[in-house]
Amino acid sequence: MRGLERRLGRTKLGGFRPLADFDWSWPRKIERERVEALLSLDFLQDDNNVVLVGAHGLGKTTLTQNLAYNAVAAGHTVRFITTSELLLDLYAAKQTRKLERRLRYWANLRLLVLDELGDVSHDNDNADLLYQVISRRHERRSTMITANLAFRDWVRVFPTTGSAAALIDRVVHHSVVIAIEGDSYRLREAEQSRKTSKTRIRK
């Protein structure tokens, strides 16, 4: 048990809602059977990627955290990080001439979970760094990505159509892509909380 706790600490998963509490009825569209099939971790054996695409607040991060937990419990090396944090790490390594070492680290993890791709726009240098990580992992290791933009809209966050297309080509090849549609679950909870507060005030 302590070994699992240590591995989870290195994974940087943080706290998350277990899959048993996930509200599958909330999204208007979600392929539940395909998501649950990923729990078997077969995609890791085939070095396939997983991409969850959908707007904010639909549970993409929660789903990937649960999948990452399963992978850690199965003994795999896993790291969970936002795309922006990854690029900050690589930029710092580049400044101190340790880029190759960090690229090897990120490339060799059995499962790398990149959260929130599409939240921040990237310049040419960042696009190149991200491409290097994805390219080194291609057909060697599995990468799981959550993105709030459809693939056709990735040009909004990468400097050129070419850099977006190159990244998409590496990500989509041998990947399971799951689209989730609906309204933000967090906004629903906030609205319910607001209504509850109003009710209490009236009483």
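Asks: How do you make sense of helix α8 (residues 161-172) when you look at a structure like this?
Replies: Two residues of an α-helix separated by three or four positions point the same way, owing to the 3.6 residues in each turn. The terminal C-alpha atoms of α8, which comprises 12 residues, lie 16 Å apart, in line with the 16 Å expected from a rise of 1.5 Å per residue. Residues A164, L167, I168 and V171 constitute the buried set of α8. For α8, the buried positions fall inside an angular range of 100° around the axis, keeping them on one side. Where the residues of α8 are buried, they touch β1 (49-53), α7 (124-137), β4 (142-147) and β5 (175-179).

Asks: How should I be thinking about the packing of α7 against α8 in this particular structure?
Replies: Two quantities define a packed helix pair, namely the angle between the axes and the distance from one axis to the other. With their axes 10 Å apart at the nearest point, α7 and α8 run at an angle of 20° to one another. When the axes of α7 and α8 are compared, the pair comes out roughly parallel. The handedness of the crossing between α7 and α8 comes out as left-handed. Mapping the contact onto sequence places A127, L130, Y131, I134 and S135 in α7 and S163, A166, L167, R170 and V171 in α8. Here the residues of the contact of α7 with α8 sort into seven nonpolar, two polar and one charged.

Rules behind the numbers
Residues numbered from 1 in each chain as written. Predicted model: local features only at pLDDT ≥ 70, side-chain atom pairs only at ≥ 80, totals over all residues. Heavy atoms only, no water. Helix = DSSP H or I, 4+ residues; strand = E, 2+ residues; numbered from the N terminus. Expected span 1.5 Å × (residues − 1). Buried < 20%, exposed > 50% of the residue type's maximum accessible area, 1.4 Å probe, protein only. Arc of directions from axis to C-beta. Contact = heavy atoms within 4.5 Å. Axes fitted to C-alpha atoms, helices over the stretch in contact; angles between N-to-C directions. Parallel < 35°, antiparallel > 145°, perpendicular 65-115°, else oblique. Left-handed = near helix turned anticlockwise from the far one by under 90°. Nonpolar A, V, L, I, M, F, W, Y, C, P; charged D, E, K, R; others polar.

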